[in-house]
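# Analysis of the macromolecular model
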Amino acid sequence: MTAQGVEKKPLLQVEQLKTYYPVRQALFGRPTAFIKAVDDVSLTLYEGETLGLVGESGCGKSTIGRSVVRLEQPQAGRILFEGEDITRYSQGELRSIRTRLQMIFQDPYASLNPRMRIFDTLAEPILVHKLATRSGVQREVERLLHLVGLPRSAAHRYPHEFSGGQKQRIGIARALSLRPKLIVCDEPVSALDVSIQAQILGLLQDLQDELKLTYLFIAHGIGAVKQVSTRIAVMYLGRIVELAPSDALFQKPRHPYTKMLLGAYHPPDPLYRSVERPVIRGELPDPSNPPLGCRFHTRCPYAQERCAKEEPVLASETHGVACHYPLA
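## Quick notes on the sheet that holds strand S4 (residues 76–81)
The strand order across the open sheet built from four strands is S2-S1-S4-S5, with neighbouring strands paired in antiparallel fashion. Edge positions in the sheet fall to strand S2 (31–46) and strand S5 (84–85), since each of these pairs with one other strand and no more. Strands strand S1 (10–25), S2 and S4 of the sheet are contacted by helix H1 (residues 61–68), whose axis makes an angle of about 115° with S1.

Okay, structure coming up:
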């Protein structure tokens, strides 16, 4: 993947983001309990890099992605895209940034309209945003299909005529149709066979190099995240617990939760296989009532009395860890 630029120009800044979902309501409809899917998260994404976001199912990583593209409305915090605070933008105001900020969805089967030909699926956003005339849209659709490795004849077919990997290529082409700077990839390979996953990851890397794209890459498979990411953020129960360059995170994880996640990953490299990594035990706590102090202390083999009382803070820009007793 493209390395971080020398100037480190921020493209996306997430500041103290909170996105909650009501789960219980009072008599007159006022929410009384919330699932704290994203709870006080801050991230910076630089131009040309890929920031991986990884964690167990239910940790809030997809909610961050959906909040960034404003498919979810945060309760608090700020989302700055190219310096613009888009947190409270109306749907009309969001239209002005849709050409620069796009998303690839997890399920290629559900993300395409089965009644629309692929040509219409790709042409519609181009025409709506007036990026090509009706006479020029044919060439643009052919360009997009070529970028993702599909023949021109694919434009005249319907989604049910394609395999899962081909559908995801169409989903990628649709995200590229508005020529964005940032693409949020929400588990784009988790629904695909392993061999197809490698092809799609390779395609995303090639497209990033060719089109100078920036990715927020969300996945629960830490192997896929390592392959494509410049840096990796590890989430647990709505919070970022570790943030580091990809190689540093794999070679020397500092948070116990990260070490346990790596215990479920079996890479071919014997260097990684030889590292002792305990398995995560216990159940994920109720996200509507997270534990006090460190949220991981109820499952952590290294927890001490302080962990149950005092919440750790994510420090350091280079290798940040939210832990009172980080691993050496």
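From this point, the narrative continues.
## Section: the packing of helix H5 (residues 164–176) against helix H6 (residues 194–211)
Running from amino to carboxyl end, H5 crosses H6 at an angle of 20°, the nearest separation of the two axes being 10 Å. Considered as vectors, H5 and H6 are oriented roughly parallel to each other. Seen from above, H5 lies across H6 with right-handed handedness. Here H5 contributes Gly 165, Gln 168, Arg 169, Ile 172 and Leu 176 to the contact with H6, which in turn contributes Ile 196, Gln 199, Ile 200, Leu 203, Leu 204, Leu 207 and Leu 211. When grouped by side-chain class, the residues that make up the contact of H5 with H6 number eight nonpolar, three polar and one charged.

## Considerations on the sheet that holds strand S11 (residues 320–321)
One open sheet holds the seven strands; their spatial order is S6-S7-S8-S3-S9-S10-S11, and the pairing between them is mixed. Pairing within the sheet leaves two strands with one partner each, and these edge strands are strand S6 (101–104) and S11. H5 rests against S6 and strand S7 (182–186) of the sheet, and its axis sits at about 175° to S6. Taken strand by strand, H6 contacts strand S3 (50–54), S6 and strand S8 (214–219), and its axis lies near 160° from that of S8.

## A word on the packing of aromatic side chains
The full count for this structure, using the stated rule, is four aromatic pairs. Their ring planes at 50° and their centres at 6.0 Å tell us that Tyr 20 and Phe 34 sit as a pair that is tilted. With Tyr 20 in strand S1 and Phe 34 in strand S2, this residue pair connects regions lying 14 residues apart in the sequence. Following the ring pairs from residue to residue traces out a cluster consisting of Tyr 236, Tyr 257 and Phe 296. The aromatic ring of Phe 162 is capped on one face by Arg 157, whose charged end is 4.3 Å from the ring centroid. Taking the ring centre of Phe 250 as reference, the NZ or CZ of Lys 226 above it sits at 5.5 Å.

## Remarks on H5
For H5, built from 13 residues, the straight-helix expectation of 18 Å at 1.5 Å per residue is met to within 8% by its first-to-last C-alpha distance of 19 Å. Looking only at H5, the buried set comprises Gly 164, Gly 165, Lys 167, Gln 168, Arg 169, Ile 170, Gly 171, Ile 172, Ala 173, Ala 175 and Leu 176. Where the residues of H5 are buried, they touch S6, helix H3 (118–128), helix H4 (137–147), S7 and H6.

## As for the confidence of the model for the chain
Averaged over all residues, the pLDDT of the chain is 89; the fraction at 70 or higher stands at 92%. Note on residues 2–6: pLDDT under 50 across the span, and 11 contacts to partners over four residues away in sequence or across chains.

## What about H6?
End to end, H6 covers 26 Å across 18 residues, agreeing with the expected 26 Å (1.5 Å per residue, within 8%). Listing the buried residues of H6 in full gives Ile 200, Leu 201, Leu 203, Leu 204, Gln 205, Leu 207 and Gln 208. Where H6 is buried, its residues meet S3, S6, H4, H5, S8 and helix H7 (222–228). Phi for Lys 212, located one or two positions after H6, is positive at around 60°.

## Let's talk about the environment of Cys 323
Relative to the elements of secondary structure, Cys 323 occurs in the segment after S11. Separated by 20 residues in the primary sequence, Cys 323 and Ala 303 have C-alpha atoms spaced 9.7 Å apart.

## Quick notes on the nonpolar core
If you look at the biggest cluster of nonpolar residues, it comprises 57 residues, and the most contacted ones within it are Ile 172, Leu 176 and Phe 217. Those residues within four positions of Ile 172 in sequence are excluded, and the remaining contacts are Ile 104, Val 148, Ile 200, Leu 203, Leu 204 and Leu 207. Core analysis: the second largest hydrophobic core is formed by 30 residues, Leu 43, Ile 64, Phe 81 and Ile 218 among them.

## Brief notes about the pattern of salt bridges
One pass over the structure, following the stated rule, counts 19 salt bridges. With a closest N to O distance of 3.0 Å, Arg 179 and Glu 140 form a salt bridge. Here Arg 179 is found in the loop between H5 and S7, whereas its partner Glu 140 is found in helix H4, with 39 residues between them in sequence. The partner of Glu 311 in a salt bridge is Arg 239, and the shortest N-O contact between them spans 1.8 Å. Pair noted here: Glu 311 is in the loop between helix H10 (270–273) and S11 and Arg 239 is in strand S10 (residues 239–245), with a separation of 72 residues, a long-range link. For Arg 239, a relative accessible area of 15% translates into the label buried. If you follow the salt bridges from partner to partner, you end up with Asp 39, Arg 239, Arg 295 and Glu 311 in one network.

## Here we look at the side chain of His 324
Inspection of the secondary structure assignment puts His 324 in the segment after S11. Looking at His 324, the relative accessible area reads 14%, which means it is buried. Polar side-chain contacts of His 324 include one of 3.4 Å to the side chain of Arg 306. Here Glu 310 takes part through its backbone oxygen, which lies 2.5 Å from a polar atom of the side chain of His 324. Every residue in contact with His 324, bar those within four places of it in the chain, is listed here: Arg 306, Cys 307, Glu 310, Glu 311 and Pro 312.

Quick notes on the rules
Residues numbered from 1 in each chain as written. Predicted model: local features only at pLDDT ≥ 70, side-chain atom pairs only at ≥ 80, totals over all residues. Heavy atoms only, no water. Pairing = 2+ DSSP bridges. Helix = DSSP H or I, 4+ residues; strand = E, 2+ residues; numbered from the N terminus. Contact = heavy atoms within 4.5 Å. Axes fitted to C-alpha atoms, helices over the stretch in contact; angles between N-to-C directions. Parallel < 35°, antiparallel > 145°, perpendicular 65-115°, else oblique. Left-handed = near helix turned anticlockwise from the far one by under 90°. Nonpolar A, V, L, I, M, F, W, Y, C, P; charged D, E, K, R; others polar. Phe/Tyr/Trp six-rings, centres within 6.5 Å; stacked < 30°, edge-to-face > 60°. Lys NZ or Arg CZ within 6 Å of the ring centre and 35° of its normal. Expected span 1.5 Å × (residues − 1). Buried < 20%, exposed > 50% of the residue type's maximum accessible area, 1.4 Å probe, protein only. pLDDT = per-residue confidence, 0-100. Core = buried A, V, L, I, M, F, W, Y, C linked by side-chain atoms within 4.5 Å. Salt bridge = Lys/Arg side-chain N within 4 Å of Asp/Glu carboxyl O. Polar contact = N/O pair within 3.5 Å; in protein donor to acceptor, adjacent residues only side chain to side chain.

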